[in-house]
Amino acid sequence: MTDDIGKLVLRVSVGVLILLHGIAKLQGGVGGIAGMLSSHGLPSFLAYGAYLGEVLGPVLVIIGLFTRVGAVLMVGNMLFAFALAHMDELFSIGQMGGWALELQGMFLFGSIAIALLGAGRYSVGGNLGRFN
């Protein structure tokens, strides 16, 4: 039972924190990401993938429906964020002594943990098997 509560806390906390970034993109668009993609020689339409990784993925994770799929979307989103915007900080220490990318790292590794653990008992998808 406590394992399922722990999964719920992890799902909701990581999902909500990433979803807030997605809401900002829904309001302001993905033009900045499109520019970063173009500067790396990638098609700018891939920027719309941010909506998958920062809106759809977190919503699935929060409600516990196709949780592993949602978490994989969030992992992919974070890998793109690392590659496009944070590579120069990958081995940097911040002013307070922590990893310069600790927030992004927490999002990435939290999403990986959710993908590995699944939703748990307290989820909409309850018994959907390995995708939940």
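Definitions and limits used
- Residues numbered from 1 in each chain as written.
- Predicted model: local features only at pLDDT ≥ 70, side-chain atom pairs only at ≥ 80, totals over all residues.
- Heavy atoms only, no water.
- Axes fitted to C-alpha atoms, helices over the stretch in contact; angles between N-to-C directions.
- Helix = DSSP H or I, 4+ residues; strand = E, 2+ residues; numbered from the N terminus.
- Parallel < 35°, antiparallel > 145°, perpendicular 65-115°, else oblique.
- Left-handed = near helix turned anticlockwise from the far one by under 90°.
- Contact = heavy atoms within 4.5 Å.
- Nonpolar A, V, L, I, M, F, W, Y, C, P; charged D, E, K, R; others polar.
- Core = buried A, V, L, I, M, F, W, Y, C linked by side-chain atoms within 4.5 Å.
- Buried < 20%, exposed > 50% of the residue type's maximum accessible area, 1.4 Å probe, protein only.
- Patch = residues over 30% accessible without salt bridge, like charges linked within 9 Å, V, L, I, M, F, W, Y side chains within 5 Å.
- Areas by Shrake-Rupley, 256 points an atom, 1.4 Å probe, with all protein chains shown as cover.
- Salt bridge = Lys/Arg side-chain N within 4 Å of Asp/Glu carboxyl O.
- Polar contact = N/O pair within 3.5 Å; in protein donor to acceptor, adjacent residues only side chain to side chain.

Visitor: Would you take a moment to explain the packing of helix 1 (residues 2-28) against helix 5 (residues 102-117) for this structure?
Guide: The geometry of a pair of packed helices is captured by two quantities: the angle between their axes and the separation between those axes. Contact pair helix 1 / helix 5: the axes reach a minimum separation of 10 Å and the direction vectors enclose 135°. Viewed along their axes, helix 1 and helix 5 adopt a mutual orientation that is oblique. As helix 1 packs across helix 5, the resulting crossing turns out to be left-handed. For the pair helix 1 and helix 5, the contacting residues are Lys7, Leu10, Arg11, Val14, Leu17, Ile18 and His21 in the first and Phe107, Gly110, Ser111, Ala113, Ile114 and Leu117 in the second. By residue class, the composition of the contact of helix 1 with helix 5 is eight nonpolar, three polar and two charged.

Visitor: Which parts of the structure should I look at to understand the nonpolar core?
Guide: Soluble, globular proteins show a tendency: their nonpolar side chains are buried together. If you look at the biggest cluster of nonpolar residues, it comprises 13 residues, and the most contacted ones within it are Met74 and Ile114. The set of elements that each furnish at least two residues to this core consists of helix 1, helix 4 (67-86) and helix 5. Counting residues per element, this core draws most heavily on helix 4, which supplies five residues. Core analysis: the second largest hydrophobic core is formed by seven residues, Val30, Leu37, Ala50 and Leu84 among them.

Visitor: What is the right way to read a nonpolar patch on the surface from this model?
Guide: Taken together, the side chains of Val12, Val16, Leu17, Leu20, Ile23 and Leu26 present a nonpolar region at the surface, about 470 Å² in accessible area. Of note, Val16 is situated in helix 1.

Visitor: Quick question: what am I supposed to make of the packing of helix 1 against helix 3 (residues 49-63) here?
Guide: At a closest axis distance of 8 Å, the pairing of helix 1 and helix 3 adopts a crossing angle of 145°. By crossing handedness, the relation of helix 1 to helix 3 is classed as left-handed. In this structure, helix 1 contributes Arg11, Val12, Gly15, Val16, Ile18, Leu19, His21, Gly22, Lys25 and Leu26 to the contact, and helix 3 contributes Ala50, Tyr51, Gly53, Glu54, Val55, Pro58, Val59, Val61, Ile62 and Ile63. Split into classes, the residues belonging to the contact of helix 1 with helix 3 amount to 13 nonpolar, four polar and three charged.

Visitor: Could you clarify how one ought to interpret the side chain of Asp4 in this entry?
Guide: With respect to the helices and strands, Asp4 occurs in helix 1. A polar contact is formed between the side chain of Asp4 and the backbone nitrogen of Arg121, at a distance of 2.9 Å. With residues up to four places along the chain from it excluded, the contact list for Asp4 reads Gly120, Arg121 and Tyr122.

Visitor: Looking at this structure, I do not really get the pattern of salt bridges. What am I missing?
Guide: Throughout the structure, instances matching the rule amount to two salt bridges. Residue Arg121 is joined to Asp4 by a salt bridge in which the shortest nitrogen-to-oxygen separation is 3.3 Å. Remark: Asp4 occurs in helix 1 and Arg121 occurs in the segment after helix 5; sequence separation between them is 117 residues. We note a salt bridge from Glu54 to Lys25, for which the minimum N-O separation is 2.8 Å. Separated by 29 residues along the polypeptide, Glu54 in helix 3 and Lys25 in helix 1 bring together distant segments of the chain. Relative accessible area serves as the criterion here: at 9%, Glu54 is assigned to the buried category. The buried category is assigned to Lys25, whose relative accessible area is 17%.

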